[in-house]
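# Architecture at a glance
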Amino acid sequence: MRSDDLETRMRRFEAALDVPIPPGFQIVARLDGRSFTRLTHEVCDFEAPFDRGFHDLMAATSRHLMECGFNILLAYSESDEISLLFHPDDGSFGRKPRKLISVLAGEASSAFSLALGRAAAFDARLSVLPGPEQVVDYLRWRMNDAARCCLNGHAYWLLRGQGLSARTVAGRLQGMSRTDKHELLFQHGINFDALPSWQKRGFGVYWQERQIVCHNPLTNKETLARRRSLYTDDELPWKDDYAAAIRRLLAGLEFRAADGDLGSSP
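Read on for an overview of the structure. (Residues numbered from 1 in each chain as written. Predicted model: local features only at pLDDT ≥ 70, side-chain atom pairs only at ≥ 80, totals over all residues. Heavy atoms only, no water.)

### Thoughts on the side chain of Ser83
- For Ser83, the position within the fold is in strand β3 (residues 81-86).
- Among the polar contacts made by the side chain of Ser83, one reaches the side chain of Tyr138 at a distance of 2.7 Å.
- Discounting residues that sit within four places of it in the chain, Ser83 has contacts with Val28, Ala29, Arg30, Leu74, Ala75, Tyr76, Tyr138 and Arg142. (Helix = DSSP H or I, 4+ residues; strand = E, 2+ residues; numbered from the N terminus. Polar contact = N/O pair within 3.5 Å; in protein donor to acceptor, adjacent residues only side chain to side chain. Contact = heavy atoms within 4.5 Å.)

### Regarding the pattern of salt bridges
- The full count for this structure, using the stated rule, is 16 salt bridges.
- For Arg30, the salt bridge is made with Glu81, and the minimal N-O distance between the two is 3.4 Å. Here Arg30, found in strand β1 (residues 26-33), pairs with Glu81, found in strand β3; they are 51 residues apart in sequence, far enough to count as distant.
- Among the salt bridges present, the one from Glu133 reaches Arg247, with a minimum N-O distance of 2.8 Å. One end of the pair, Glu133, is in helix α5 (residues 132-160); the other, Arg247, is in helix α9 (residues 240-250), and 114 residues separate them in sequence. (Salt bridge = Lys/Arg side-chain N within 4 Å of Asp/Glu carboxyl O.)

### Considerations on the layout of surface pockets
- The computed volume of the largest pocket comes to approximately 700 Å³.
- Of all elements in the fold, only α2 (36-43), α3 (52-66), β2 (72-78), α5 and α8 (197-201) reach the threshold of two or more residues within the lining of the largest pocket.
- For the lining of the largest pocket, the element with the highest residue contribution is α5, accounting for eight residues.
- Of the residues that constitute the lining of the largest pocket, the class distribution is 13 nonpolar, 10 polar and five charged. (1 Å grid on protein atoms, 1.4 Å probe; cavity = no way out; pocket = protein on both sides within 12 Å on 5 of 7 lines; lining within 4 Å. Points joined across faces, edges and corners; volume = space filled by probe spheres on them. Nonpolar A, V, L, I, M, F, W, Y, C, P; charged D, E, K, R; others polar.)

### Side note on the packing of aromatic side chains
- By the definition in use, this model includes 14 aromatic pairs.
- Consider the rings of Phe36 and Phe112, whose centres lie 5.1 Å apart with planes at 40°: the pair is tilted. In this pair, Phe36 sits in helix α2 while Phe112 sits in helix α4 (residues 97-116), placing the two residues 76 residues apart along the sequence. Each member of the pair, Phe36 as well as Phe112, is classed as buried.
- A ring pair is formed by Tyr138 and Trp141, whose centres lie 5.5 Å apart and whose planes are at 75°; its orientation type is edge-to-face. Of this pair, Tyr138 and Trp141 both sit in helix α5, three residues apart, which is roughly one turn of the helix.
- Judged by relative accessible area, which is 44%, Trp141 ranks as partly exposed.
- These aromatic residues form a ring-pair network of at least three members: Phe36, Phe46, Phe54, Phe112 and Phe122.
- The aromatic ring of Trp141 is capped on one face by Arg142, whose charged end is 4.2 Å from the ring centroid.
- Above the ring of Trp207, the side-chain terminus of Arg228 is found at 3.8 Å from the ring centroid. (Phe/Tyr/Trp six-rings, centres within 6.5 Å; stacked < 30°, edge-to-face > 60°. Buried < 20%, exposed > 50% of the residue type's maximum accessible area, 1.4 Å probe, protein only. Lys NZ or Arg CZ within 6 Å of the ring centre and 35° of its normal.)

### Description of the side chain of Ser113
- With respect to the helices and strands, Ser113 occurs in helix α4.
- Judged by relative accessible area, which is 16%, Ser113 ranks as buried.

### Examining a nonpolar patch on the surface
- Taken together, the side chains of Leu6, Met10 and Phe13 make up a nonpolar region of the molecular surface, amounting to roughly 300 Å² of accessible area.
- Within the fold, Leu6 resides in helix α1 (residues 3-14).
- Its relative accessible area of 40% is what places Leu6 among the partly exposed residues. (Patch = residues over 30% accessible without salt bridge, like charges linked within 9 Å, V, L, I, M, F, W, Y side chains within 5 Å. Areas by Shrake-Rupley, 256 points an atom, 1.4 Å probe, with all protein chains shown as cover.)

### Some thoughts on the packing of α5 against helix α6 (residues 166-174)
- Running from N to C, α5 and α6 point in directions that differ by 135°, and their axes come no closer than 10 Å. If you check the angle between α5 and α6, you find them oblique. In this structure, the crossing between α5 and α6 has a hand that is right-handed. Listed contacts from α6 to Asn152, Ala155, Tyr156, Leu159 and Arg160 of α5 are Ala166, Val169, Arg172 and Leu173.
- When its residues are assigned to classes, the contact of α5 with α6 shows six nonpolar, one polar and two charged. (Axes fitted to C-alpha atoms, helices over the stretch in contact; angles between N-to-C directions. Parallel < 35°, antiparallel > 145°, perpendicular 65-115°, else oblique. Left-handed = near helix turned anticlockwise from the far one by under 90°.)

Next up, the structure:
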């Protein structure tokens with residue numbers, strides 16, 4: 001068999017699953033840390049249930065993913081995962097899932113590993129959503145998961161700190177309601193509502209335009225210019241305000257709720 005014929009034949013097998021995501025469908029990618037429970041609690045000994053240094057690593061990885069060649073509107077991170085909301089018009093790699101998944105997983109793994117100083121890996125998956133409301137539902141789902149994980153995490157590590165085994169704590173929490181978990185924390189001096197927002201809701205990374213003062217060398221005068229930069233937002237809104245912010249972003253507007261800018265100043 002001629003070499004060219006062999007290549008053509010084999011490339012057909014390689015591309016057998018390359019069905020591009022059709023235009024009009026919204027893409028959201030979710031990246032999860034592989035074996036991060038072991039990485040964070042055994043290998044690196046991060047503080048449980050939340051560690052600011054780990055947050056900063058996830059934020060650095062999120063910012064890298066926003067700038068690595070795709071047109072990403074928003075990176076949302078909670079726990080050891082990052083969700084990326086693609087611009088509806090993004091056509092990277094012909095919208096082929098195989099390429100998007102492999103490249104994003106590689107970019108996230110390399111960025112996090114370089115920031116951490118040791119090897120770490122992410123996997124990736126895609127959600128192909130039919131419209132803006134499904135995008136809103138997806139991101140609210142992940143934020144709900146952040147709140148659930150935050151409550152469970154604080155309750156779990158509170159009981160572990162009392163000397164209980166992992167199995168005993170898991171069994172005890174399984175039978176507790178959300179209200180009971182709040183009360184457990186409160187009895188030990190932890191007001192869940194007063195915890196940092198990034199722990200309860202996750203955090204976002206998105207683009208902002210700002211006016212800056214520049215020097216115009218032609219006129220030798222100062223002038224105003226607009227520059228786009230990434231903003232890490234640890235104070236995301238909640239529920240309907242969050243949904244409103246996502247809808248504005250999909251409409252090509254600034255990521256803010258109807259009542260004003262979100263979060264504190266950078």
